[in-house]
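# Structural description and commentary
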Amino acid sequence: MTPSDSRHRPLPNGITREVLERDELREALATAHPGVEMVSDAQMQRSIHTMLAQRPATADLDAGAWVFGYGSLLWNPCVPVAEWLDVLLYGFHRDFRIRLTHGRGSAEAPGLMLGLVPGGSCRGMALRLPPDDLEHELLMIWRREMLTGVYTPRWVTLYDRAGASLPAITFVANAAHHSFCGRMEDSAVIEMLATGHGMIGSAAEYLNSTVAHLDEQGIHDQRLRSLRARVNAAVAARKAGD
């Protein structure tokens, strides 16, 4: 492994519960990318307190809290989940709008990550955190989603298959963040997803895991499926040409 590769993979097992408990994602990011600005734990805790204080009247914290998963939270939540629900969110859709030069990207091989952006709708999974030690469990989620401020937490209303509504926390793309990018041509998206890699893995792995877990739940996102096929073809072509 070259020194550059070593710098990109200080977390060979990716993001785990242990990594979040020890706040090692912060340490790894600071080591590999010392110029990246990060949100402090104290700021995260204040953000969580504010979110809980501003919860909708229908949010029953005695039963825990719902969080909307539309990307990696589907397959690597790193928190206890008391219940999963197939849900629909109106007013936002997921798209690759976050350009990564860390995490699943690097300066040499930038990647892309999903974020919620305004317009349309998004089907995903709601995960209910149990009420025990709720603020600590939310801190684990904040440490993985909010470390660089690329997302903004907000309350949204989700709808299950029967049409019942439930309030939930989700993370929308922060359009003011320097990593936010506008809608790109599919050719550029495919190139970055096929080649992006960094300290916790590749952008292609992220895409494949997200689509696989959506498919497992019977949620067939046609755009992501199309991207997966084209990205995997591009990866295979690169390997064949090596």
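Residues numbered from 1 in each chain as written. Predicted model: local features only at pLDDT ≥ 70, side-chain atom pairs only at ≥ 80, totals over all residues. Heavy atoms only, no water.

### Some details on the nonpolar core
Quick reminder of the rule: For our purposes a nonpolar core is just a set of buried Ala, Val, Leu, Ile, Met, Phe, Trp, Tyr and Cys residues, chained together by side-chain atoms within 4.5 Å. Only protein chains enter the area calculation, which uses a 1.4 Å probe; residues under 20% of their type maximum are buried, those over 50% are exposed, and those in between are partly exposed. What counts as a helix is a DSSP run of H or I of at least four residues, what counts as a strand is a run of E of at least two, and both are numbered from the N terminus. Contact criterion: two residues are considered in contact whenever any of their non-hydrogen atoms come within 4.5 Å of each other.
Among the nonpolar cores identified, the biggest contains 76 residues, and F96, L138, W142 and L158 are the most heavily contacted of them. Top element by residues in this core is strand β3 (residues 111–129). It accounts for 10 residues. Leaving out residues up to four positions away in the same chain, W142 has contacts with M44, S47, I48, M51, L147, P153, I169 and F171.

### Details of the pairing of strand β4 (residues 151–160)
One face of the sheet, then the other: side chains in a regular strand alternate in exactly this way. Note the following rule: By definition, two strands form a pair when at least two bridges between them are found by DSSP.
In the sheet, strand β2 (residues 83–100) pairs with β4 via 3 bridges, with the strands oriented antiparallel. Its bridge partner being in β4, V87 is matched across the sheet by D160. The antiparallel pairing of β4 with strand β5 (residues 165–173) creates a hairpin that spans 4 residues between the two strands, and G163 there sits at a positive phi of about 95 degrees.

### Some words on unusual backbone geometry
Positive phi outside glycine occurs at D23, with the angle close to 60 degrees. For C78, which is not glycine, the phi dihedral falls at a positive 65 degrees. Here C78 is to be found in the loop between β1 (65–69) and β2.

### Points about the layout of surface pockets
Empty space among the atoms becomes apparent when a probe as large as a water molecule is rolled across them. Note the following rule: Cavity: a set of points on a 1 Å grid over the protein atoms alone where a 1.4 Å probe fits but cannot get out. Pocket: an open set with protein on both sides within 12 Å along at least five of seven lines, its lining residues, like those of a cavity, having an atom within 4 Å of a point. Grid points are joined across faces, edges and corners, and a volume is the space filled by probe spheres set on the points. All residues other than Ala, Val, Leu, Ile, Met, Phe, Trp, Tyr, Cys, Pro, Asp, Glu, Lys and Arg, Gly among them, are scored as polar; the first ten of these are nonpolar and the last four charged.
Size it by volume and the largest pocket reaches roughly 530 Å³. Lining the largest pocket are 32 residues, with I15, S72, M113, R144 and I200 positioned closest to its centre. When residues of the lining of the largest pocket are traced back to their parent elements, those giving at least two are α3 (24–32), β1, β2, β3 and α5 (134–145). Counted by class, the lining of the largest pocket contains 18 nonpolar, 11 polar and 3 charged residues.

### Things to note about the packing of aromatic side chains
This is how it is decided: For Phe, Tyr and Trp, where Trp contributes only its six-membered ring, two rings pair if their centres lie within 6.5 Å, and the inter-plane angle classes them as stacked under 30 degrees, edge-to-face over 60, or tilted in between.
Applying the stated criterion to the full structure yields 5 aromatic pairs. Aromatic pair F68 and Y70: ring centres 6.0 Å apart, planes at 35 degrees, arrangement tilted. Both residues of the pair, F68 and Y70, count as buried. Ring centres 6.3 Å apart and planes at 75 degrees place the aromatic pair F96 and Y206 in the edge-to-face group. Taken as a pair, F96 in strand β2 and Y206 in helix α7 (residues 203–216) lie far apart in primary sequence, 110 residues in all. Since its relative accessible area comes to 1%, F96 is described here as buried. Its relative accessible area of 4% is what places Y206 among the buried residues. Through a chain of ring-to-ring contacts, the aromatic side chains of W75, F96 and Y206 assemble into a single cluster.

### Some details on the pattern of salt bridges
What counts, and what does not: Only one rule defines a salt bridge in this text: a Lys or Arg side-chain nitrogen within 4 Å of an Asp or Glu carboxyl oxygen.
Counting across every chain of the model gives 21 salt bridges. Note that D23 is salt-bridged to R143, the shortest N-O span being 3.8 Å. With D23 in the loop between α2 (17–21) and α3 and R143 in helix α5, the pair connects residues that are 120 residues apart, well separated along the chain. In this pair, the class of D23 matches that of R143, namely buried. A salt bridge links D215 to R228; the nearest nitrogen and oxygen atoms lie 3.4 Å apart. Here D215 is found in helix α7, whereas its partner R228 is found in helix α8 (residues 222–241), with 13 residues between them in sequence. Taking relative accessible area as the criterion, R228 reaches 22% and is therefore assigned partly exposed. If you follow the salt bridges from partner to partner, you end up with D95, R97, R183, D186, R223 and R230 in one network.

### Comments concerning the side chain of D221
What counts is decided by this rule: Any pair of nitrogen or oxygen atoms within 3.5 Å is treated as a polar contact; in protein, a donor-acceptor pairing is required on top of that, and neighbouring residues in sequence qualify only through side-chain atoms on both sides.
For D221, the position within the fold is in the loop between α7 and α8. You can call D221 buried: its relative accessible area is 18%. Side-chain polar atoms of D221 contact the backbone nitrogen of R223, separated by 3.2 Å. With residues up to four places along the chain from it excluded, the contact list for D221 reads R94 and L214.

### As for the confidence of the model for the chain
Put simply, the test is: Per residue, pLDDT captures the predictor's confidence, and it can take any value from 0 to 100.
Per-residue confidence for the chain averages 93 on the pLDDT scale, and 95% of its residues sit at or above 70. Low pLDDT, under 50, characterises residues 1–8; the stretch is placed with 11 contacts to residues that sit more than four places away or in other chains.

### Thoughts on the environment of A59
Here A59 shows up in the loop between α4 (41–53) and β1. What makes A59 buried here is its relative accessible area of 11%. A59 sits 14 residues away from L73 along the chain, and the two C-alpha atoms are 20 Å apart. Beyond its immediate chain neighbours, meaning those up to four positions away, A59 contacts W155 and P167.

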